[in-house]
Amino acid sequence: IDDNILDYIPDNHDHQLRNSFIEEFQRALNGETISVERKIMYNHTQGNWFRIEYVPVYEMEYLIGIAINFVDINESKKYDLHIEQQNIILREIAWIQSHKMRGPVATILGLINLLEVKELSEDNQEIVRLMRLTVKELDEVIHKIVDKTNELDEVM
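Predicted model, so just to flag it, every value in this text is computed and none were measured. (Residues numbered from 1 in each chain as written. Predicted model: local features only at pLDDT ≥ 70, side-chain atom pairs only at ≥ 80, totals over all residues. Heavy atoms only, no water.)

Peer 1: Help me understand the packing of aromatic side chains in this model?
Peer 2: How two aromatic rings sit relative to each other is set out by the distance from centre to centre and by the angle between their planes. Overall, the coordinates contain 3 aromatic pairs when judged by the stated rule. For the pair phenylalanine 21 and phenylalanine 25, a centre-to-centre distance of 5.6 Å together with 25° between the ring planes defines the contact as stacked. With phenylalanine 21 and phenylalanine 25 both in helix H1 (residues 15–29) and 4 residues apart, this pair spans about one turn of that helix. For phenylalanine 21, a relative accessible area of 5% gives the class buried. Considering the side-chain rings of phenylalanine 50 and phenylalanine 70, the 6.1 Å spacing of their centres and the 70° angle between planes classify their relative orientation as edge-to-face. (Phe/Tyr/Trp six-rings, centres within 6.5 Å; stacked < 30°, edge-to-face > 60°. Helix = DSSP H or I, 4+ residues; strand = E, 2+ residues; numbered from the N terminus. Buried < 20%, exposed > 50% of the residue type's maximum accessible area, 1.4 Å probe, protein only.)

Peer 1: How should H1 be read in this particular structure?
Peer 2: Every α-helical turn comprises 3.6 residues, leaving residues that sit three or four positions apart pointing alike. For H1, built from 15 residues, the straight-helix expectation of 21 Å at 1.5 Å per residue is met to within 8% by its first-to-last C-alpha distance of 21 Å. Every buried residue of H1 is accounted for by Leu17, Ser20, Phe21, Glu24 and Ala28. When H1 is viewed along its axis, its buried side chains cluster within an angular range of 105° and face the same direction. Of the residues one or two after H1, glycine 31 is the one with positive phi, at around 100°. (Expected span 1.5 Å × (residues − 1). Arc of directions from axis to C-beta.)

Peer 1: Hey, could you run me through the environment of glutamate 75 in this one?
Peer 2: Note on placement: glutamate 75 falls in helix H2 (residues 74–100). For glutamate 75, a relative accessible area of 58% corresponds to the exposed category. On a C-alpha basis, the gap between glutamate 75 and arginine 102 in space is 40 Å, while along the polypeptide they are 27 residues apart.

Peer 1: When you look at unusual backbone geometry in this model, what are you seeing that I'm missing?
Peer 2: It is generally the case that most residues other than glycine have a negative phi and that most peptide bonds are trans. Although it is not a glycine, methionine 60 sits at a positive phi angle of roughly 60°. Within the secondary structure, methionine 60 sits in the loop between strand E2 (47–59) and strand E3 (62–72).

Given below as structure tokens:
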């Protein structure tokens, strides 16, 4: 009773947490329910993620207080951030495979088409046929990668 709630907000030489708390608390005093996710640092290199909820509490139509709920979401947030990073890397891999590999594949197909197959021996004609088939299969794989990348974008 009669304590100042700001005495319970860690300062840690970072006034942003205190300033954010004051702003969010004031918004709750104005009747707004607030939910934020924030990493609260406990030293200069480490901290935990929390979901902080500010809920105005009324008795009849009178505001009598603010309920503040801190939920430790550190593990789920780290997992979400890990998944986001994986998705970024997957998109980069897909872009490299679909754009950087597509050019050489198209070039090989073009060069194969320039060969005068009829002037080659039967063995070499078979080799060219197999090369054409293999490069077309590779081209199909590249197209599947592009399609899967587009599916990933649609999900997000």
